Amino acid sequence: MVGVLGSAIGCAAGIVLARGLLRGVAGDLGGGQLASLSGRLVVQPVEGAAIFLVGVMVAGAAAWLPAREAAASPVAQALKAGDLAGTFTRARSWQPGGALLVLGALLALLPAVRGLPVLGYLAIGALLFGGVLLVPGDWAATADAAARIESWRRIPAPLGWMTEARWHRDGLDAAWPLLAELAWLAPARLDALLRRLPDPRLERLKRAFDAAFEGEGTADDLAWWPAWLLTEQPALAPLLGQALPGLQSPPERALRLLLDLLHLEAQGRQRDLPEARRRLRDLQPAIFAAYLRTR
């Protein structure tokens, strides 16, 4: 009902504004070449009805999309003020903008309707809105919004948002600690993030891990990825070591053990190495094997 009323008011206001402009600036809309001629607005029923229906559909979509998102969310999340999941998901998705660009290009190829370039105007609108949707997100604002969520580092969704924002804003080195924490807390979410980030180094390391690690062959194997990284690239130890302590899961303990081993090796404390290596072997044989291959 609100959409119908709003569309009707918009159409009426547009007609009044168009007539006022034609009356005030003549038939050439202020160009000056046809100052002696006056323009006359003729509202065709078909075109007017089409514009009215477009307005109703836009208003309906604006109401339906948030309602559908809320219906698909858990009740507690749907009722929570300031929930940011849908906002971040839409902000990083390129599909709507890309679809509008394709639609605009196709509409531009179509002929005029009863001598009027109606589809051409629609093409311009689709291209403009598609370009707006493809503008990169404000990752600083994303990070600030995620940081306002209490205990965000213990919740998979905001931790994933912050990790992605940190990578976009500050680069891979700044994101390593959060990547490790996300691997321990929600390896499936990390898997989706790694597929999305356009980072050749991450892609190469993920591919090498998938080929070398003898796990279950599921996304949960990625929980061991930070520990495996230390066996391949010990130089990452200062960055991965910044990951905050979590639930002390086996993958996290494996990383801590490897950090201790690297520290013992750097200090030349050979007498303490066998016990630390035994604990790593008992915890995760595949990580221990990867560690030995580099020694």
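Quick caveat: nothing in here was measured; it's all calculated off a predicted structure. (Residues numbered from 1 in each chain as written. Predicted model: local features only at pLDDT ≥ 70, side-chain atom pairs only at ≥ 80, totals over all residues. Heavy atoms only, no water.)

1. Describing the overall build of the chain
For the chain, the count of helices and strands is 16 helices and zero strands. For the chain, with 295 residues in total, the buried portion stands at 33%. Pairs at least 24 residues apart make up 58% of the contacts formed inside the chain by residues separated by at least 6 positions. Roughly 17700 Å² of accessible area belongs to the chain as shown, and the carbon and sulfur atoms make up 64% of that amount. (Helix = DSSP H or I, 4+ residues; strand = E, 2+ residues; numbered from the N terminus. Buried < 20%, exposed > 50% of the residue type's maximum accessible area, 1.4 Å probe, protein only. Contact = heavy atoms within 4.5 Å. Areas by Shrake-Rupley, 256 points an atom, 1.4 Å probe, with all protein chains shown as cover.)

2. Some thoughts on the packing of aromatic side chains
Counting across every chain of the model gives four aromatic pairs. Judged by centre distance (4.9 Å) and plane angle (15°), the rings of Phe209 and Phe213 are stacked. The two residues Phe209 and Phe213 agree in class, both being buried. Between Phe209 and Trp228 the ring centres are 5.5 Å apart and the planes differ by 70°, which places this aromatic pair in the edge-to-face class. (Phe/Tyr/Trp six-rings, centres within 6.5 Å; stacked < 30°, edge-to-face > 60°.)

3. What to know about the packing of helix α9 (residues 172-185) against helix α10 (residues 187-196)
The contact between α9 and α10 brings their axes to 6 Å, and the two run at 135°. The orientation of α9 with respect to α10, classified from their angle, is oblique. Residues Leu179, Leu182, Ala183, Trp184 and Leu185 of α9 touch α10, and the partners they reach there are Pro187, Arg189, Leu190, Leu193 and Leu194. (Axes fitted to C-alpha atoms, helices over the stretch in contact; angles between N-to-C directions. Parallel < 35°, antiparallel > 145°, perpendicular 65-115°, else oblique.)

4. Quick look at a nonpolar patch on the surface
Together, Val102, Leu106 and Leu109 make up an exposed nonpolar region whose accessible area comes to about 330 Å². Within the secondary structure layout, Val102 lies in helix α5 (residues 95-108). (Patch = residues over 30% accessible without salt bridge, like charges linked within 9 Å, V, L, I, M, F, W, Y side chains within 5 Å. Salt bridge = Lys/Arg side-chain N within 4 Å of Asp/Glu carboxyl O.)

5. Comments concerning unusual backbone geometry
Peptide bonds are, in most cases, trans, and in most cases residues other than glycine have a negative phi. Phi is positive for Ser151, which is not a glycine, with a value near 55°. Turning to its location among the elements, Ser151 is positioned in the loop between α7 (139-147) and α8 (156-170). For Ser151, a relative accessible area of 47% translates into the label partly exposed. The phi dihedral of Gln248 falls on the positive side, at around 55°, and the residue is not glycine. Structurally, Gln248 can be placed in the loop between α13 (237-240) and α14 (250-267).

6. Comments concerning α8
With 15 residues, α8 ought to run about 21 Å at 1.5 Å a step, and its terminal C-alpha atoms sit 21 Å apart, in line with that. Of all the residues in α8, the buried ones are Ala157, Pro158, Leu159, Gly160, Trp161, Met162, Thr163, Glu164, Ala165 and Trp167. Of the residues trailing α8, Gly171 is marked for its positive phi of about 100°. (Expected span 1.5 Å × (residues − 1).)

7. What about the packing of helix α11 (residues 200-212) against helix α12 (residues 225-232)?
α12 packs onto α11 with a crossing angle of 95° between their chain directions and a minimal axis gap of 11 Å. By the angle between their axes, α11 is roughly perpendicular relative to α12. Each of Leu202, Leu205, Lys206, Ala208, Phe209 and Ala212 in α11 lies in contact with α12, whose residues at this interface are Trp225, Trp228 and Leu229. In terms of residue class, the contact of α11 with α12 is built from eight nonpolar, no polar and one charged. (Nonpolar A, V, L, I, M, F, W, Y, C, P; charged D, E, K, R; others polar.)

8. What about the nonpolar core?
Among the nonpolar cores identified, the biggest contains 57 residues, and Trp176, Leu179, Leu202, Trp225 and Leu280 are the most heavily contacted of them. Looking at which element gives the most residues to this core, the answer is α9, with nine residues. (Core = buried A, V, L, I, M, F, W, Y, C linked by side-chain atoms within 4.5 Å.)

9. Focus: helix α16 (residues 285-293)
Taken residue by residue, α16 has Ala286, Ile287, Phe288, Ala290 and Tyr291 as its buried positions. Against the buried residues of α16 lie α12, α14 and α15 (273-283). A side-chain oxygen of the first residue of α16 lies 2.9 Å from the backbone nitrogen of Ala286; this N-cap is Gln284. (Polar contact = N/O pair within 3.5 Å; in protein donor to acceptor, adjacent residues only side chain to side chain.)

10. Some details on the confidence of the model for the chain
Where the model shows low pLDDT, its predicted coordinates should not be examined in detail. Averaged over the chain, the pLDDT score is 79; the fraction of residues at 70 or greater is 69%. Looking across the chain, the model is least confident in helix α3 (residues 75-79), with a mean pLDDT of 40, and most confident in α9, with 97. Within the model, pLDDT remains below 50 along residues 26-37, and this stretch shows 14 contacts once partners closer than five positions in the same chain are excluded. Throughout residues 65-83 the model reports pLDDT below 50, and contacts reaching past four residues in sequence, or to other chains, amount to seven contacts. (pLDDT = per-residue confidence, 0-100.)

11. Examining the side chain of Asp221
One can find Asp221 in the loop between α11 and α12. In this structure Asp221 is buried but unpaired, with Lys206 as the nearest side chain of opposite charge at 9.1 Å. In terms of polar contacts, Asp221 uses its side chain to reach the backbone amide nitrogen of Gly217, at 2.6 Å. (Lys, Arg positive; Asp, Glu negative; His and termini not counted.)

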